[in-house]
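Inside the fold
Read off the chains here:
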Amino acid sequence: MRQAGRSLPEYRKAREGTTMMEACRNPELVCEITMQPVRRYGTDAAIFFSDIVVPLAAVGIDVDIVPGVGPVVAEPLRTEADVDRLRNLDPCDVGYVTEAIGLLTAELGDIPLIGFAGAPFTLASYLIEGGPSKDHSKTKALMRSRPDVWHALAGRLAAICGEFLRVQIEAGASAVQLFDSWAGALSEAHYRRFALPHSTAALTGLAESVPRIHFGVGTGHLLEAMTETGAEVIGVDFRTPLDEAAARLPDKALQGNLDPAAILADDEPLLAETDEVLRAGRAAKGHIFNLGHGVLPHSDPGKLKLVVDRVHETTRR
Ligand code: 1CP
């Protein structure tokens, strides 16, 4: 999940004097930051340090990650002409990603590296709104009023996102995750019409190379539809119990879903909730333990270690 590193003192130290976008383009720094949680917690996999807007910047979009805000786009894309200017990603645009993954696979040895990209709907929301949005109102207005422009934009983003995933797989990522963080803002009918075809396109062509994980926030009503992207693993946020998700998706492995806010609680309720996630996850075809969304900034690293150790004690017995 995003910002796993933000709660770590060694992360803040490594990032001193470097913007987020600069950090993402520095292979040695990317390698160091990716390794930090693996070293500290002994996790079973690493998540590549980057951001979903990195491929957008790589194709020339003026996007910055503003501390305390998130991605901010200088000139939002809203018209047909704006969409026409969006070019495809060439692997050479992200040579630093290939280089960083090369360093990482050497250092990680047998520990798998998870690459990722943002799904077309979530990326389009940043591009159309110009930054983080609670209601995605401009995005939803464009979908309804100019479906032709919407599908042209989402289609181009699907190509960028698919290429970004391909680059990571070719460089040595063992699995990829497609984050449609804001898809939960859509009804199932609109998700199927406006988002699903483009997420499916982004994941198609990667099949049979590595497992594909698909995750969204507040997507309890979309879980069945999300399986239609073809992803082998469905990420479930903390709002839907894993045994309920497993009953609905018997053929899928699940990833998730401890509430990130549980990390801020006392040990006893935290461990009880961890145990409950592990118990509910046994109903699934497979379960990758994770938080149900990103690590909150004030999380105590000691509590995260407690959770990782509990998961290992329980599952390695
Ligand atoms: O934990 C990690 O460092 C893993 C790497 C990672 C990942 C997987 C980062 C680094 N970002 C992401 C994905 C990401 N980025 C998503 C999808 C997953 C999710 O929903 O959590 C999204 C929506 C973003 C966009 C983004 N980037 C936000 C959210 C803003 C909003 O709209 O609410 C923010 C705050 C960022 C900045 C960012 N990305 C990553 C880090 C470590 C940070 C914090 C900035 C910093 O430390 O300076």
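Placed above this text is the structure.
**Here we look at the overall build of the protein**
Secondary structure summary: the protein contains 14 helices and nine strands in total. Relative to the globule expectation of 20 Å for 317 residues, the C-alpha radius of gyration of the protein, 19 Å, shows essentially globular dimensions. Looking at the protein as a whole, 54% of its 317 residues are labelled buried. Carbon and sulfur atoms form 52% of the exposed surface of the protein, whose accessible area is close to 13,400 Å².

**A closer look at the nonpolar core**
Core analysis: the largest hydrophobic core is formed by 104 residues, its most contacted members being Ile-61, Trp-150, Leu-153, Leu-157, Tyr-191 and Leu-254. The leading source of residues in this core is helix α9 (residues 147-171), at 13 residues.

**Comments concerning the packing of aromatic side chains**
For the coordinates displayed, the defined rule picks out four aromatic pairs. Here the aromatic rings of Phe-121 and Trp-150 are separated by 6.1 Å at their centres, their planes lie at 55 degrees, and the arrangement is tilted. With a gap of 29 residues between them, Phe-121 in helix α7 (residues 120-129) and Trp-150 in helix α9 connect regions that are remote in the sequence. When its relative accessible area of 1% is taken as the criterion, Phe-121 is described as buried. Classification of Trp-150 as buried rests on a relative accessible area of 0%. Relative to Phe-215, the ring of Phe-179 lies with its centre 6.1 Å away and its plane at 85 degrees, an arrangement referred to as edge-to-face.

**Some thoughts on the side chain of Thr-227**
Within the secondary structure, Thr-227 sits in helix α11 (residues 223-227). Under the relative-accessibility criterion, Thr-227 is labelled buried at 19%. Among the polar contacts made by the side chain of Thr-227, one reaches the main-chain carbonyl oxygen of Glu-224 at a distance of 2.5 Å. Here Thr-227 is in contact with Ile-234, Leu-249 and Lys-252, once residues within four sequence places are set aside.

Calculation criteria
Residues numbered from 1 in each chain as written. Predicted model: local features only at pLDDT ≥ 70, side-chain atom pairs only at ≥ 80, totals over all residues. Heavy atoms only, no water. Helix = DSSP H or I, 4+ residues; strand = E, 2+ residues; numbered from the N terminus. Rg over C-alpha atoms; globule rule 2.2 N^0.38 Å. Buried < 20%, exposed > 50% of the residue type's maximum accessible area, 1.4 Å probe, protein only. Areas by Shrake-Rupley, 256 points an atom, 1.4 Å probe, with all protein chains shown as cover. Core = buried A, V, L, I, M, F, W, Y, C linked by side-chain atoms within 4.5 Å. Phe/Tyr/Trp six-rings, centres within 6.5 Å; stacked < 30°, edge-to-face > 60°. Polar contact = N/O pair within 3.5 Å; in protein donor to acceptor, adjacent residues only side chain to side chain. Contact = heavy atoms within 4.5 Å.

Such coordinate-based values are descriptive only and should not be taken to indicate function.
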